[in-house]
Amino acid sequence: MVSTQISNVVLVTVDSLRADALGAYNDEWNTPVMDSLAESGTVFDRALATGNWTPFSFPSILASKSVFADSGEIGVGGVPTLAATLSDAGISTGGFNAANGFLTSHWEYDDGFDEFEPFVANVGSNVYSRYLATHPTVEAWLQLVTSPARRLSAWLQGKTDDRPFLDTSRMFDVEHAAMSFLKGTKSPFFLWVHYMDTHTPYVPAPRYIREVSDDLFGTQRLLHAHARTGLGLNVGDQTLTDLRALYQAAARQVDASIGRLLETLSATGTGDETAVVLAGDHGEEFQEHGHLAHYPKLYDELIRVPFIVDVPGTESRRISGQVDLGAIPPTVADLLDVELPPEWEGETLAPSVLHGDSSPTEPVVSVTVRSEEITAQPIPRSLNDGDLLVSVRDRDWTYVENIDAGDIELYYQPTDPTEHDDLSRDPTVDQQQVIERFSAIANEHAAALRNHDRQPSNGSIDNDLEARLSALGYQ
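Residue positions are given per chain, counting from 1 as you read along its sequence in written order. Side-chain atom pairs in this predicted model are given and counted only at pLDDT of 80 or more, local residue features only at pLDDT of at least 70, and totals for whole chains, interfaces and linings cover all residues. To obtain the side-chain values, all non-hydrogen atoms of the structure were used and water was disregarded.

Caption draft 1: Broad picture of helix H13 (residues 429-450). Numbering of helices and strands runs from the N terminus; a helix is a DSSP stretch of H or I covering at least four residues, while a strand is a stretch of E covering at least two. Every helix has an expected span of 1.5 Å times one less than the residues it contains. Taking 1.5 Å of rise per residue, 22 residues should cover 32 Å, and H13 covers 31 Å from first to last C-alpha, within 8% of that figure. Exposure classes here rest on a 1.4 Å probe applied to the protein chains alone. A residue is buried below 20% of its type maximum, exposed above 50%, and partly exposed in between. All of the buried residues along H13 are Gln-431, Val-434, Ile-435, Phe-438, Ser-439, Ala-442, His-445, Ala-446 and Leu-449. For H13, the angular spread of the buried residues around the axis is 135 degrees, confining them to a single face. Exposed residues pointing more than 90 degrees away from the buried face of H13 are listed as Val-429 and Glu-444. On its buried side, H13 packs onto strand S12 (364-370), strand S13 (387-393), strand S14 (397-402) and strand S15 (408-412). What the arc covers is the set of directions going from the helix axis to the C-beta atoms. Contacts: residue pairs with any heavy atoms within 4.5 Å of one another.

Caption draft 2: Structural detail: the packing of aromatic side chains. Ring pairs are drawn from Phe, Tyr and Trp, using the six-membered ring of Trp, whenever the two centres fall within 6.5 Å, and their geometry is named by plane angle: stacked under 30 degrees, edge-to-face over 60, tilted for the rest. A full pass over the atoms with the stated rule returns 17 aromatic pairs. With centroids separated by 4.7 Å and ring planes inclined at 45 degrees, the aromatic side chains of Trp-397 and Tyr-412 adopt a geometry described as tilted. One end of the pair, Trp-397, is in strand S14; the other, Tyr-412, is in strand S15, with 15 residues separating them in the sequence. Its relative accessible area of 28% is what places Tyr-412 among the partly exposed residues.

Caption draft 3: Broad picture of the pattern of salt bridges. We define a salt bridge as a side-chain nitrogen of Lys or Arg found within 4 Å of a carboxyl oxygen belonging to Asp or Glu. All chains considered together, the criterion is met by 14 salt bridges. When the shortest N-O distance is used, the salt bridge between Arg-18 and Asp-20 registers 2.9 Å. The class for Asp-20 is partly exposed, based on a relative accessible area of 29%. A salt bridge links Glu-211 to Arg-207; the shortest N-O distance between them is 3.4 Å. With Glu-211 and Arg-207 both in helix H7 (residues 206-212) and 4 residues apart, this pair spans about one turn of that helix. Exposure remark for Glu-211: the relative accessible area of 34% places this residue in the partly exposed category. Relative accessible area serves as the criterion here: at 25%, Arg-207 is assigned to the partly exposed category. By sharing partners, the salt bridges in this structure join Arg-46, Asp-300, Arg-393 and Glu-419 into a single network.

Caption draft 4: Summary view of a negative patch on the surface. For patch building, the residue pool is restricted to those with more than 30% relative accessible area and no salt bridge; the joining distance is 9 Å between like charges and 5 Å between nonpolar side chains (Val, Leu, Ile, Met, Phe, Trp, Tyr). With residues, only the protein chains shown are counted as cover, and all accessible areas are computed by Shrake-Rupley using a 1.4 Å probe. We score Asp and Glu as negative and Lys and Arg as positive, and we do not count His or the chain ends. Here the site of a charge means atom NZ of a Lys, CZ of an Arg, CG of an Asp or CD of a Glu. A grouping of Asp-88, Glu-108, Asp-110 and Asp-111 is seen on the molecular surface, where their side chains present a negatively charged patch. Structurally, Asp-110 is set in the loop between strand S3 (92-97) and strand S4 (115-117). Its relative accessible area of 31% is what places Asp-110 among the partly exposed residues.

Here you go:
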C-alpha cells in the first residue's frame, strides 16, 4: 500500500471510447473536461482493454481478473470485486450504470455496492421508448425536427440545449443518481459511473453535433449517415466521416456530463481529496478492418483505450509503457490505503501516478470469442460459444492467435500502427522468435481460462434485461 491524502475515488468508465477520441491522445479533437483531467493527472499512453466487448473487459476493470477465468462464463461471481473490497474496509460505495445489460446484478456487478442502479428495469415496458432506442434514425429525425423549438425555449429560459430529445442513453439518469450519491454520502467513498453515449447508436444532442461539424447542414448530413447504415446500404467515405462525427459528438456529450459531476464534487467540498479515474472499456471500429462497432477482433482500434488517473496535488505526467485495465482495482484500493486481495491479477499503478515510478512492462493479453460468422448474434457469453482468440502486445508487437483454429497474425507497431501488414506469413528469424515467445504466452493464458474451477452460476435472463441487450444490438 502507499500513503496518500486521498479519501475518495470516482471511477468513470465510458463504453466504446477509443483513445483517439480524446484531445489528450489526439490533437484533432477537443474534449475539454477529460483533457483537463489529463493535463493535471497521469495519462497512460498505451492502456489496453482485455477484450473487445463490455462483458470481456469489465471483469478486469471491477474485479482485476481475466474473463472466463473461474467458470468459463462472463461476470464477476466468485471473486473479490473492487466495490466489495472497499466496502469491507468501511468505504461507502455507489455504482450507476447507464443500462448496459452486461453490467447488472445478473452477472453480480452489484457485489459490494451500498447503492447500485443499472437503469435496466422497465426498458421494454414502454413501447414508444423501446422503439426509439432500437431505431436511432427515427430518434435522430425527432431530435432534428424539435431542435429549433428547444433552442428557442432554452434561450428564453436562459438555459442550454444540451439535453437529447429522449434520454435513451440514460446519461441523465446516471448523472443525477451520481450527484445524489455525492451530495448524500460522507467521506470516504468510492463512486463508479458508466456512460453509454459512445456506444452504437450515436444519438447526441444537436448542440454537440454542431460543435464537431463544420457544415451548416451538419445535423441533416449526419442523419443521412444513420439512415444509410440503418438500411444496410454501402458505407462510403462521406458516410464514414459523418459516423465518426456523430461518435465524436457523443464523446463531447459525455465530456459535459463528467464536467457536471466534477462541479458537484467541488460544491460538496470533496474535490481536493478525491481522485478521478477515467477509462474506456474497449474501443470502436470505423471500418479499419472491415466493420463498424466492435465485433470480435483484437486490433488496436478496439483494444487501445484512454486511461487517466488524476490525483489532486500530484505532478502531471505521461506513462509510455503498456498497461491493462486490470490495474484499476489495485490502483484504486492502493490510493485509498486498502489491502489488495491476493486473487487480483493486476498490479497497482499508484507508484507511477504518485511518484512517476516505471509502470509494469510485461506484455498485455486480451481475448475474444468468435463464432463462424464475425457478425453472428447473440454475443458470446461463454468459452463454448465459438473459437477463442488471444492477443499479446508489448510496445512494438501485436500478436493474435485463434487458439482453436491455429491461425496467427503478427504486426510491428512502429512501422504498421494500423495493423495491416501481417508478418507471420513469411517471418524473419527475429520475427519467428517473437511469434514463439508470444504464442507461448497466448496458449498459457488460454489453458488457464479453460482450467476453471467453478461451475457456471448464471441463470435465465429476465425480459427487461433481454430487451436492453436487444436495444444495444445484442440479439
